[in-house]
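Okay, here's what each chain looks like letter by letter:
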Amino acid sequence: MKWKDLFTSSVGKKWVMALTGVFLILFLIVHAGINACIWANDGGVMFNKVAHFMGSTIVIRILEVGLFLGFLIHIFQGLILEFQNRKKRKTGYAVKISIKESTWYSRSMGLLGTLILLFLILHWKHFWVPSRFTGIPYPEVILESGKKIHNLYALMQSTFSELWVVIVYVLGCISLFWHLLHGFQSAFRTLGVSHPGYLKIIQRIGFIYSFIICLAFAMMPVSMYLGWVK
Amino acid sequence: MEHYVMNLTLKVWRQKNTNDKGRFETYHVKNISSEMSFLEMFDVLNEQLIQEGKDPIAFDHDCREGICGMCSMVINGRPHGPWHRNTTCQLHMRAFRDGDVIVVEPFRANAFPVIKDLVVDRSAFDRIIQAGGYISVNTGSAVDANAIPVEKDKADAAFAAAACIGCGACVAACKNSSAMLFVSAKVAHLGLLPQGQPERKTRVLNMVAQMDKEGFGACTNTGACEAVCPKGISIDYIARLNRDYMMAALSSPE
Amino acid sequence: MKLDAKIPPGPLENKWTYYKGHCKLVNPANKRKLEIIVVGTGLAGASAAATLGELGYRVKAFCFQDSPRRAHSIAAQGGINAAKNYQNDGDSVFRLFYDTIKGGDYRSREANVYRLAEVSVNIIDQCVAQGVPFAREYGGLLNNRSFGGTQVKRTFYAAGQTGQQLLLGAYQALERQVALGNVIMYPRHEMLELVLIDGKARGIICRNLINGKLERYFGHAVLLCTGGYSNVFYLSTNAMGSNVTAIWKAHKKGAFFGNPSFTQIHPTCIPVSGEYQSKLTLMSESLRNDGRIWVPKIKGDKRHPNDIPEEERDYYLERRYPAFGNLVPRDVASRAAKERCDAGYGVGTTGQAVYLDFRYNLINKYGRAEASRRGIKDPDEETLVQLGKEVVKEEYGNLFDMYEKITGENPYEVPMRIYPAVHYTMGGLWVDYELMTTVPGLYALGEANFSDHGANRLGASALMQGLADGYFIIPYTIGNYLADEISTKPIHIDHPSFEEAERAVTERIEKLLDVKGTQTVESFHKRLGKIMWDKCGMSRNEAGLKSAIEEIRSLRKEFWSDVRIPGSANEFNPELDKAGRVADFLELGELMCIDALHRNESCGGHFREEFQTPDGEALRDDANYSYVAAWEYKGESQWELHKEPLIFEEVQPSQRSYK
């Protein structure tokens, strides 16, 4: 056993997936928290301030690099594992294995993950790329202190004024929901929680978490499209 | 119990040997009693095939009481057939109705190559046990059996894990062809007992390494294995293995 | 040839110690040069192969299953006896010895049985050290249950899967030796011939069951650990593959066959349900601890068992045998069930079954104890049943589930229907105290030898014997033989004896395939089984046995002229494997009938209708039959009887009484 087996063995690879998964789960809480500021219904003032804070603090910028790496590792490792696992059965079954006790979404993590990835690419193109690189085509907002900050809120409003975008986002959130529903508890299993009592609690928390986070995200484009927030 | 007879259509995987491509063939069996076991129905079919001068279907079976782990078969998309916590040999025909079409395939995984028809080679499991699925104690060197008390809960949990019959249904059902349930059951059985502690770390590392080498996939906690396990072995043992593995790996000397 | 059992001198309790102190040893360097063949990997074979590997011998182990873990020892349910006296209820080595001798109806060797009782305690220690998860008490110490034919609790168990757990322990020890390179394992290999060179066992011819090729293997000694031959009855509790072939080949090459007709009929099996039935399933004897056996008092009573009131039930075992009640030995319980069914009191659609009812103990034994533990005062009957069920589930859950799967009835609610079935063969190759057969260098262990169980084996003693032979006896006794073989160089498999043995196997296979008849192997096996069960089964008589011999001879002739075996020799061909085994059963069946016919007495499982006491118990004839019948093969249908007299120094044979 060498230390690098930690990453190359089947169990090690799962650990990498679980650790990055938990990291992304934590990130989603922050992300959802910030975005929830739009519901302050103050014309985006609070949201823009918080978004600016996140973009301007050096600590968070460094963390962002970590986040990006987390995404990349989770995505690539996930895809590699999916393809490797599929190759373990060269001749498939004529009648598809159907086991009702095992959930469809737990057996479709690769597919759900890929859908989320496609959604993410669109999402990055919509928000992350303009705010970091190409710039936002809306006048900057001037704070009371006189400081000028990006008007991300305006970008959101314009992006979510198109129906197809809203639909894609809602679909993305639905994929995310199923992905998290399995991923949340699976990550803890992989990290070694084996006590049936704790596992039951984790499963419940996982459901509540997945439901709230995904509902919150899905309601953002819907709220804006329907004009619930101004 | 209501008894009845039925006529059935069987679509069975036929493959002459490991290198043959294989195909499905359709057979009809008549007057099958609901009291028969699934394998007895196969016996009837085979007698019929021999009388017709055809090659009977090869399938693994031995004890026919659900404990040796020799029988396999995937029946209508489920290893060991439709009943819960069951082996193929214990499946009885009252699970089916007159006119049913039953598709029978071998356990499929690269690590379980087909030998003939429904017979597969599961020697990979033996090699995984060879990698560390034991407690190293030579005959004669044991202390008195009651010298080391074992908590009843732990002894019961070790027994529940040790109940594995090594049939391979977990692999057959898993979308990743993973053998984690099999491996984790042995790791848990021995790791839960005080006698198994000295080799606890090397055991889990070596058994997982061998499992990877044999060409089984990685576990994604779908729970399909537990659902088809004839002995109802819990996937919680897999979580236990994950923990044992990382503890062992992180403290490994190299 | 005079049979010499080679019993060591001295008082009974010192014989084994004396032997161990005086047998020859092989030094570690020489062990490396010695090769041992072990055929069969059940409890006896796996434990022997593992232990001999640990000692440093070069071992080759063979089994016909796809893995050594699947040997039929795995199906043993109830438990394993050992004279540990952990329960402080009066057990001792002597008492286990005495119970076993008496249970065997005084037809076994004192010295062997005493040794078995002696090493029984080591077995439990060894198995616990290997990680066998025996049942435990809340205090963390080992639990025991009681079994038939004894009045102490000395049976160690792991739910209803004791054989499985013990076999996995031995299998893991074996795989450890495989990993270390001390044992080479050959699964899916079936031994088809024994190779003798200069009168000594020197190797075997095997068929690789995957590709059908014949292979030759050399060994300085050969151990046959191939189990019993109950499948001669077609329907038995044995696995489908269990067979007599290995020991039969050895028998034909000079190993005497001891007491071939001694067969154990187990009282508690799930009854036959139809013509298509391929095997019978046992319900552990341990269930008789907690179940009460009964039939209705009215002949042909068709009421549902739960509708038959208490006073109309005949608990016939408790009535006939008040001292042991439901826990009489197996032969006694089986005959009593047959007697009731023959008299017309049987239940179920065929009338060939009796009830095994758990309700009384669910309530009174487990229910009350559990209620008291949980502090429930004055519980009603339903609560007690509920609590009792929970405990019973833990003790026997797997057996109850199995019963329900097979019959579709829930045994927690409705009494089980049970009937006796062939389960174990006390007969087997004759061996001396060292477990060596009459062929030098050829040993037989476990159920394959004529064993320590006399004419009837007590429950939970087969596991004990298999492991005793493999872990603790053969490692000593084989050294005594191999010490003189250290200068024998491994013999090349091109030796003419190997050539000749292989040719004989090839010819036999060709002959089988060339018959190209019209009837399947299975149909012959079924017909043989019916003859054996009807005429050489639970009760036997002279006329029946004589006609059985004739019938078997003509069936054998028919087999060799009309059997149809599909496929060819050089492929995976289970029908061919089966044909070879059935051909051997067709020879063995005849010898069993001859043996049963010659023994003009009843003892243990061997019940001759002509020899019974006025109240229908077995009537032994110690003056004329206190011996082991060892049959020497002399050619087709010809055997010569040799007698090994049984001398009892410690116990005096008496009429067995369980009343």
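Residues numbered from 1 in each chain as written. Chains lettered and ligands numbered in written order. Predicted model: local features only at pLDDT ≥ 70, side-chain atom pairs only at ≥ 80, totals over all residues.

J.: Would you mind showing me how to read the interface of chain B and chain C here?
T.: One widely used convention gives an interface's size as the accessible area the parts lose upon coming together. Each partner contributes residues to the interface: chain B has 64 residues there, and chain C has 65 residues. Broken down by secondary-structure element, the contributors of at least two residues to the side of chain B that touches chain C are helix H1 (38-51), strand E6 (114-116), helix H2 (123-130), helix H3 (152-162) and helix H5 (180-191) of chain B. Considering every element that reaches the side of chain B that touches chain C, the biggest residue donor is H1 of chain B, with six residues. Class assignment of the residues belonging to the side of chain B that touches chain C gives a composition of 30 nonpolar, 18 polar and 16 charged. (Contact = placed C-beta atoms within 7 Å. Helix = DSSP H or I, 4+ residues; strand = E, 2+ residues; numbered from the N terminus. Nonpolar A, V, L, I, M, F, W, Y, C, P; charged D, E, K, R; others polar.)

J.: Before we go on, may I ask you to explain the environment of Asn231 of chain C in this structure?
T.: Residue and element names in this part refer to chain C. Note that Asn231 resides in the loop between strand E9 (221-224) and helix H7 (245-252). For the pair formed by Asn231 and Arg581, sequence separation is 350 residues and the distance between their alpha carbons is 9.7 Å. Residue contacts for Asn231: discarding those within four places in its chain leaves Ser236, Asn238, Ser242, Asn243 and Phe585.

J.: Any chance you could explain the arrangement of the chains here in plain terms?
T.: Counting contacts across all two pairs of chains found in contact, the highest total belongs to chains B and C. Separated throughout, chain A and chain C approach each other most closely at a C-alpha pair spaced 18 Å apart.

J.: In this structure, what is going on with the interface of chain B and chain A? I would like to understand it.
T.: Across the contact, 41 residues belong to chain B and 40 residues belong to chain A. Per-element tally for the side of chain B that touches chain A: the top contributor is helix H8 (residues 236-250) of chain B, with nine residues. The class makeup of the residues in the side of chain B that touches chain A is 19 nonpolar, 13 polar and nine charged.

J.: So what exactly am I meant to see when it comes to unusual backbone geometry here?
T.: Glycine aside, the phi torsion of most residues is negative, and most peptide linkages are trans. All names here are of chain C. Its identity is not glycine, yet Lys516 carries a phi of approximately 45 degrees, on the positive side. With respect to the helices and strands, Lys516 occurs in the loop between helix H14 (496-515) and strand E18 (519-520). Although it is not a glycine, Ser637 adopts a positive phi angle of roughly 60 degrees. With respect to the secondary-structure elements, Ser637 resides in the loop between strand E20 (627-633) and strand E21 (639-645).

J.: What's the story with the domain arrangement of chain C in this structure? I'm lost.
T.: Residues and elements named next belong to chain C. Along its sequence, chain C is organised into domain 1 (12-23 + 32-262 + 426-482), domain 2 (266-422) and domain 3 (502-625). With 33 residues of domain 1 in contact, the opposing surface of domain 3 contributes 35 residues. With three residues, strand E6 (residues 189-197) is the largest single contributor of residues to the side of domain 1 that touches domain 3. Among the residues forming the side of domain 1 that touches domain 3, the class breakdown is 17 nonpolar, ten polar and six charged. (Domains from an automatic or database assignment.)

J.: Just to check I follow, could you spell out the nonpolar core for this structure?
T.: General note: in soluble globular proteins, nonpolar side chains tend to be found buried as a group. If you look at the biggest cluster of nonpolar residues, it comprises 329 residues, and the most contacted ones within it are Cys170 of chain B together with Leu223, Leu224, Leu429 and Tyr443 of chain C. For this core, the leading source of residues is helix H17 (residues 574-598) of chain C, giving twelve residues. In this view, Cys170 of chain B contacts Ala179, Leu181, Phe182, Cys225, Val228 and Cys229 of chain B; residues no more than four positions away in its chain are not counted. (Core = buried A, V, L, I, M, F, W, Y, C linked by C-beta atoms within 7 Å. Buried ≥ 20, exposed ≤ 12 C-beta atoms within 10 Å, placed from the backbone.)

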